[in-house]
Each structure stands twice: as structure tokens, then as C-alpha cells.
Amino acid sequence: MTETFLVARNIAKRFGALTALANVDLEIRSGEVLALLGDNGAGKSTFIKILAGAHPPSDGELVIEGHPVAFHSPKDAAASGIATIFQELALSENLSIAENVFLGRELKRSIFGIPFLKRKEMRQRVDGLLKELDAHISDPEAPVGSLSGGQRQAVAICRALNLNARLVIMDEPTAALAVAETRKVLALTRRLAARGCAVVLISHNISEVFEVADRIVVFRRGRKVAERLAADTNHEEVVSLITGAHPDVRALEKTN
Amino acid sequence: MNAVRQFGNGVFSMNGREWSLLVACLLAIVIFSVASPHYATSGNAATVLRNSVELLLIGLGMTLLLAMGGIDVSIGIVMGLAAIAIGRVLGADGNPALAIIVGPLVGALLGCVTAAVVVLGRVPAIVGTLGLLGVYRTAVFVLLGGQWLSGLPSSLTNLLATTALGVPVPALVIAVAYLAVWLALRRTPYGLHLLAIGNSEEKARLSGIPVIKVRFITFVISGVLTGIAAMFYVATYRNVEMTIGSTLALDAIAAVILGGTSILGGRCSLIGTVLGVLLLRILQNGLLLIGVPSLWQPVVTGVLIIGVLGFEAVSNRFPLAQLRRARA
Ligand SMILES: Nc1ncnc2c1ncn2[C@@H]1O[C@H](COP(=O)(O)OP(=O)(O)OP(=O)(O)O)[C@@H](O)[C@H]1O
Ligand SMILES: [Mg+2]
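Residues numbered from 1 in each chain as written. Chains lettered and ligands numbered in written order. Predicted model: local features only at pLDDT ≥ 70, side-chain atom pairs only at ≥ 80, totals over all residues. Heavy atoms only, no water.

**Details of the overall build of chain A**
Moving on, step 1. Scanning chain A from N- to C-terminus turns up nine helices and 12 strands.
Moving on, step 2. Expected size for 256 residues packed as a compact globule is a radius of gyration near 18 Å; at 19 Å, chain A falls within 12% of this value.
Moving on, step 3. Overall, chain A is about 70 × 40 × 35 Å in size when its C-alpha atoms are taken along their principal axes.
Moving on, step 4. Residues classed as buried in chain A amount to 51% of the 256 residues present.
Moving on, step 5. Considering only contacts in chain A between residues 6 or more positions apart, those separated by 24 or more positions represent 66%. (Helix = DSSP H or I, 4+ residues; strand = E, 2+ residues; numbered from the N terminus. Rg over C-alpha atoms; globule rule 2.2 N^0.38 Å. Buried < 20%, exposed > 50% of the residue type's maximum accessible area, 1.4 Å probe, protein only. Contact = heavy atoms within 4.5 Å.)

Below, the structure written as C-alpha cells:
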């Protein structure tokens, strides 16, 4: 059922003398929610920035569906079907939901050489996406500035979907949200996976991770120290993996 | 409700702010008619409309600039330079066709210069255009050599005083300019990009918008509109004086923010700009007729700017600025 979408092999990232990532091997599968966990500074954001094309890796390679890829900009990553929702959402509060979803790649028709917006098509498309995500937003013409934090996450997810993203990366999407909104965003995350998208989710909230993730990967000091199926592990084990108290992690760190 | 409606903007659809501007215009007309016997004449109405032509054209461009989070305080002198170019061409051979081409051309060229400084040079628009204002002022002085350009041939005046399709040419040109700017703003990707940049340049860039290109083009559009304004200026007065355009930028900025365009960018109203220009010109003309010296006109404009911004600060507490702060 789940197919491998992206393989990261032996990824390393050095910032000058600082090694932010080393020897990271990771597989990302379509239809699966993969959670990245780890302490502050473990290298999670650095890793997803490499996936998003925002940083070039110092070492290692990315393979998408069997083909090696090299990203020089976020646009390259987007062209390969990778959409990243950064924590500070890049939405324009003064524009409508539909306009935001299409911003930068509007549907247009040329009349006398002038590109005119296909406003009706865009609205219908966004209406469909919002319904599909069950985002509880009735009016795609509403300005994004009038939406709640969770609804804005939904708009950002729509934007990713509209890109026909095969992989959606979310860096701490629920960090600033209240309980009810968090529920909705988590449900959206599941729905993305159900659509066949690969999802990578970064979170510091372990119970939240158990609610949505199929697989859990733990980073520690720039290395991947553990990978577990969510069904095969529990809250305590994950905490000990993150803090380094787990015997596996200790053994690993001794050999290095 | 209002906020949502703002996004479905029709060509002439009006919100509360715009209706109140219209009421203010009518109210001013009634008050001045009572106060001065010379006010309510068809001749004076024509004067007010005549005096609004340049400001309407420049105001459309200024609306785009402010909506984008930009500004151009040198725009009045840009019109002066374009007027000098038109005057020279007209004075040389009296050919109005050439004069019509030269205005927008010089405007576009100066728009490119402003864009080069502000957009490519990454100088904040207020600072960059203030610097250019100083340069252009001296350029006007040097070009005119301390003398007025006067007694220009009437060929251009005659051409622009005609009617086309039963409508006076200036009204027709303004209508076409309004429609073109409205279409660009509300019906093309360019308009969305401009408003996104006005909201946040960084977010616009992350969304894949060609920020530099959009900003550059907008300064050029403003320049072209200003060049067309210069054409009407020369046609009307048939002279160019040293102080040409010195209060135009202030008037344009006042009219535009009076019309509901945000000084912080991201939100604008074209119909508001039109009404703002008319209100400003009605007030200036009316005060003159009831005996207030023209010396006081910039005071009226200044007080209007401060009044509008102060009123907005108190009543809305700058909703956009607040949003921005909350999300920063
Ligand atoms: N651009 C950069 N230049 C230099 N060092 C960097 C840069 N980006 C990240 N780092 C360093 O790399 C390490 C990993 O940082 P990263 O942001 O990936 O951690 P994280 O796991 O996302 O942490 P958090 O949970 O706090 O977000 C840190 O030591 C950080 O200081
Ligand atoms: Mg991080």
C-alpha cells in the first residue's frame, strides 16, 4: 500500500565547523505520516530545509522515485512535488483564501496578450479542495486575515495540495494552536496521507505524534538515533530515545 | 461583511468610506454655494473638474504605489520635467502628435530612474524619492534657466479641447486610465502580486512572486500616468513655471489616503482615490472663492492627511499593522 517516495542517503550538513547533520538515512513513503522528533537543536529543521531545497546538503544524496535529485532552490523542490509549510506561514492576510491558494501560480487566460485571472475556476477549485479537506471554511472569498490559526493552516495545506504536492512537510504546525484547532490540523494531516501524500511532521508534542504518525524517527545531535513504527512503541520509550536515556541510544553514542 | 465585500470589488462598487466621501463632496458643495454667490455656476464646476485632471491621473499611480507599500514624493516634479519636454517639443515645431508621445515617454523614463534607485538600489521609497525630488528640482531650474516656458503654440490645446464620442477628451482619457488600472489591479495576477507585496514583501517572495519585477513595473506605470498628466497641464496653461508640480505629490498622497488606501500598503480603493481628488479640489476651490488666500491650500491638504491618519489610528487602530505585529 505504501510506496517509497523519497530516500535520503547518508545526508550530512555542516555549517562551518558545526556538524548539524551526519549520516542520516531516511525513507519517506507515500500515504504515510512520518514524525520527526528530537530535542532542540537536534537537526530536524535543518533536515527538512534540505528536503525543501532551502539548504544544499554537504554530503549524501536525495533520491525521488528512483531518480537522484539535486535542489538549488525551493522552486526546484516544489517542481519535484515537495511542498513545505514553514512555521511562519507565507500567507498574505489581505488577500482572499482562493487568491492565497493560487498566489504566484494563478490560472489565467490571455486576452490581447494580457493575462487575466480565471477567478471563477480558481474559486471553484479552492471550494473543492476545502470541501475535500473538510476544513469548515465556507467562503473562499474571505480574507485570510479574518481566519483563525487553524483555518490558516488549512489554507496553507490547500496551497500545498494545489501544487499537487507528493510530499508535504510541516514544521511544528500546531505549536501556536489551541486544542480544538490542533484537532482539526491533525485530522487534516491524516486526510493528506489518506489521499496518498507523503507527510513529514515535526512536533515536540509526543501524544500528538502518537495520534497521527505511522512512523516515528528520532534525531539526536544531528544523527538519526531511532526509527519505530508508532504501533510498536510507546510514549516512555520515545521520551527515553529523545533524551538519550534509552540503552540503544547509549550503545550507539558509545561506538561513535 | 465589509471586509469580505472589499474583495469582490466591482469597477465602481463603493464601501462605507467611499459613500461618506461622496456625501462630504456634496456637503462641501452645498456649504460653499450658500457661502459664495460665485460658487454654484457651471463655469466654476468646469474649473474644479479641469483642476482635477492631473491629480486624478497621478492619483491612480500613487494608489498603486501606496498599495504596494511604496510612495513617490517626487512625482509632482516628474510631471514638471515631462511638461518641460512637451513644451520644448511643442515650441520647436508645434506638432501636437509628437508632444503626445513625448509626455508618457519621458514619464516612463523617469519612472525607470525612480525604480532603478528604489527597487534595484534597495533604497526605501520615501528616502529614494526624496533624494530624487532634490535632484529633479534642480534639473527643472537648470532646464528652464530661470525663465518660464511661456507662449507655447495652441495646437495641443486645440487637440485636447475636442470631444470624442461626445465626451471631452480629458474625461475620456481619465476613464480609460481608470479602467486600465482597475483591470490590472483586480483582474490580473499583477494586481494580486502588488497587494501581496504591500502586505509583506518577504511572504510575497516565499510565495514565488517576482517582487522586483512587479515593483519596477509599478513605478513605470506611475511615471506614464504622470507623463499623460503633464500633457494636459501644458495643453491647459501653455506655459511651464519654475514651481510646477511642487504641491502635487502632497495633494496626491492626501487624496489617495483620504480615499481609503492604506499608507502601510496591502489595501487600496481606486474609486476612493477619485472621490478623494474631487473632495480635495472642491475644498481648495471653495475656500479660495470664500476669500481664503491660496497660500493656505497646502495647510488644508496637510490637515486632511493628519486628520485621516489620526482618525484611522483611533477608530481602527490600524488593523493591518496590528495583524502584522501579532504575527511577527
Ligand atoms: N544556518 C545555520 N547556520 C549555522 N548553524 C545552524 C544553521 N541552522 C541550524 N544551525 C545549527 O544546527 C543545529 C541544528 O539546528 P535545527 O534548527 O535543525 O534544530 P531543530 O531540531 O530544528 O531544533 P528545534 O526543535 O529547536 O527547532 C543547531 O545547533 C543550530 O544552531
Ligand atoms: Mg526546528
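Further notes follow.
**Points about helix 4 (residues 119-133) of chain A**
All names here are of chain A.
Moving on, step 1. For helix 4, with 15 residues, the first-to-last C-alpha span of 21 Å sits near the 21 Å given by 1.5 Å per residue.
Moving on, step 2. The complete set of buried residues in helix 4 reads M122, V126, L129, L130 and L133. Axial view of helix 4: buried residues confined to an arc of 100°, hence all on one face. What points out from helix 4, more than 90 degrees from its buried face, is the exposed set K120, Q124 and K131.
Moving on, step 3. Elements in contact with the buried residues of helix 4: helix 3 (97-102), strand 8 (114-117), helix 5 (149-162) and helix 6 (179-194).
Moving on, step 4. Looking one or two residues past helix 4, D134 carries a phi angle of roughly 55°, positive in sign. (Expected span 1.5 Å × (residues − 1). Arc of directions from axis to C-beta.)

**Focus: the interface of chain A and chain B**
Moving on, step 1. In this complex, chain A contributes 25 residues to the contact, which on the side of chain B involves 21 residues.
Moving on, step 2. Across the chain A to chain B interface the summed buried area is about 2200 Å²; carbon plus sulfur atoms make up 60%.
Moving on, step 3. Ranking the residues of chain A by area buried against chain B places E93(A), N94(A) and R119(A) at the top, with a combined share of 24%.
Moving on, step 4. Counting across the interface, chain A meets chain B through one salt bridge.
Moving on, step 5. Between E93(A) and K203(B) there is a salt bridge; the shortest N-O distance is 2.8 Å.
Moving on, step 6. The tally of links from chain A across to chain B stands at seven residue pairs in polar contact (both at pLDDT 80 or more).
Moving on, step 7. Put simply, the parts of the chain that give the side of chain A that touches chain B at least two residues each are strand 8 and helix 5 of chain A. (Buried area = accessible area lost by both parts, 1.4 Å probe. Salt bridge = Lys/Arg side-chain N within 4 Å of Asp/Glu carboxyl O. Polar contact = N/O pair within 3.5 Å; in protein donor to acceptor, adjacent residues only side chain to side chain.)

**What about the environment of K44(A)?**
Residue and element names in this part refer to chain A.
Moving on, step 1. Relative to the elements of secondary structure, K44 occurs in helix 1 (residues 44-51).
Moving on, step 2. With a relative accessible area of 6%, K44 lands in the buried category.
Moving on, step 3. Sequence-wise, K44 and D76 are 32 residues apart; in three dimensions their C-alpha atoms are separated by 21 Å.
Moving on, step 4. Leaving out residues up to four positions away in the same chain, K44 has contacts with L36, L37, G38, D39, I202, H204 and F219.

**Re the nonpolar core**
A general tendency of soluble globular proteins is for nonpolar side chains to be buried together.
Moving on, step 1. Residues I97(A), I216(A), L57(B), M62(B), L156(B), L194(B) and V234(B) are the most contacted members of the largest nonpolar core, which totals 153 residues.
Moving on, step 2. Once residues lying within four places of it in the same chain are set aside, the contact partners of I216(A) are A35(A), L37(A), V209(A), F210(A), A226(A), E227(A), R228(A), A230(A), T233(A) and V238(A).
Moving on, step 3. Listed in part, the 27 residues of the second largest apolar core include A8(A), L26(A), L51(A) and I169(A). (Core = buried A, V, L, I, M, F, W, Y, C linked by side-chain atoms within 4.5 Å.)

**Re unusual backbone geometry**
Residue and element names in this part refer to chain A.
Moving on, step 1. A positive phi angle, near 60°, is found at N164, a position not held by glycine.
Moving on, step 2. When you line up the elements, N164 lands in the loop between helix 5 and strand 9 (167-171).
Moving on, step 3. Backbone geometry places R221, a non-glycine residue, at a positive phi of 45°.
Moving on, step 4. Within the secondary structure layout, R221 lies in the loop between strand 11 (215-220) and strand 12 (223-229).

**Digging into the confidence of the model for chain B**
Residue and element names in this part refer to chain B.
Moving on, step 1. On average, residues of chain B score 89 in pLDDT, and 93% of them are at 70 or above.
Moving on, step 2. For residues 1-8, every residue scores under 50 in pLDDT, and the model assigns this stretch 15 contacts once sequence neighbours within four places are set aside.
Moving on, step 3. Contacts of residues 323-328 to residues separated by more than four positions or lying in other chains number 11 contacts, the stretch itself having pLDDT below 50.
Moving on, step 4. This prediction of the complex comes with two scores: 0.82 for pTM and 0.83 for ipTM. (pLDDT = per-residue confidence, 0-100.)

**Examining the sheet that holds strand 4 (residues 59-64) of chain A**
Residue and element names in this part refer to chain A.
Moving on, step 1. Read across the open sheet, the four strands follow the order 2-1-4-5; overall the sheet is antiparallel. Two strands bound the open sheet, and with one partner strand each, they are strand 2 (18-29) and strand 5 (67-69). For this sheet the average axis-to-axis angle between neighbouring strands, irrespective of direction, equals 25°.
Moving on, step 2. The pairing of strand 1 (residues 4-15) with strand 2 spans eight bridges and is antiparallel. Pairing of V7 across the sheet is with E27, part of strand 2. (Pairing = 2+ DSSP bridges. Axes fitted to C-alpha atoms, helices over the stretch in contact; angles between N-to-C directions.)

**Digging into a nonpolar patch on the surface**
Residue and element names in this part refer to chain B.
Moving on, step 1. A cluster of nonpolar side chains, namely L295, W296, V299 and V303, defines an oily patch on the protein surface of about 440 Å² accessible area.
Moving on, step 2. Considering the arrangement of structural elements, one finds L295 in the loop between helix 13 (270-289) and helix 14 (297-315).
Moving on, step 3. The class for L295 is exposed, based on a relative accessible area of 71%. (Patch = residues over 30% accessible without salt bridge, like charges linked within 9 Å, V, L, I, M, F, W, Y side chains within 5 Å. Areas by Shrake-Rupley, 256 points an atom, 1.4 Å probe, with all protein chains shown as cover.)

**Some remarks on the site of ligand 1**
Residues and elements named next belong to chain A.
Moving on, step 1. Taken together, F15, L18, A20, D39, N40, G41, A42, G43, K44, S45, T46 and H204 are the residues near ligand 1.
Moving on, step 2. Within the backbone of G41, a nitrogen or oxygen atom sits 2.8 Å from an oxygen atom of ligand 1.
Moving on, step 3. One of the backbone nitrogen or oxygen atoms of A42 is found 3.2 Å away from an oxygen atom of ligand 1.
Moving on, step 4. Out of a free accessible area of 640 Å², ligand 1 has 61% covered by protein chains.
Moving on, step 5. Looking at the shell around ligand 1, the elements with two or more residues in it are strand 2 and helix 1.
Moving on, step 6. In terms of residues, the shell around ligand 1 owes the most to one element, helix 1, which gives three residues. (Near = heavy atom within 4 Å.)

**As for the pattern of salt bridges**
Residues and elements named next belong to chain A.
Moving on, step 1. Scanning all chains against the criterion turns up 19 salt bridges over all chains.
Moving on, step 2. Between R109 and E121 there is a salt bridge, with its nearest N and O atoms 3.9 Å apart. Taken together, the residues R109 in strand 7 (residues 108-111) and E121 in helix 4 connect sequence positions 12 residues apart.
Moving on, step 3. Residue R109 is classed as partly exposed on the basis of its relative accessible area of 37%.
Moving on, step 4. Of the charged contacts, one joins D248 and R228 as a salt bridge, the two residues approaching to 3.4 Å between their closest N and O atoms.

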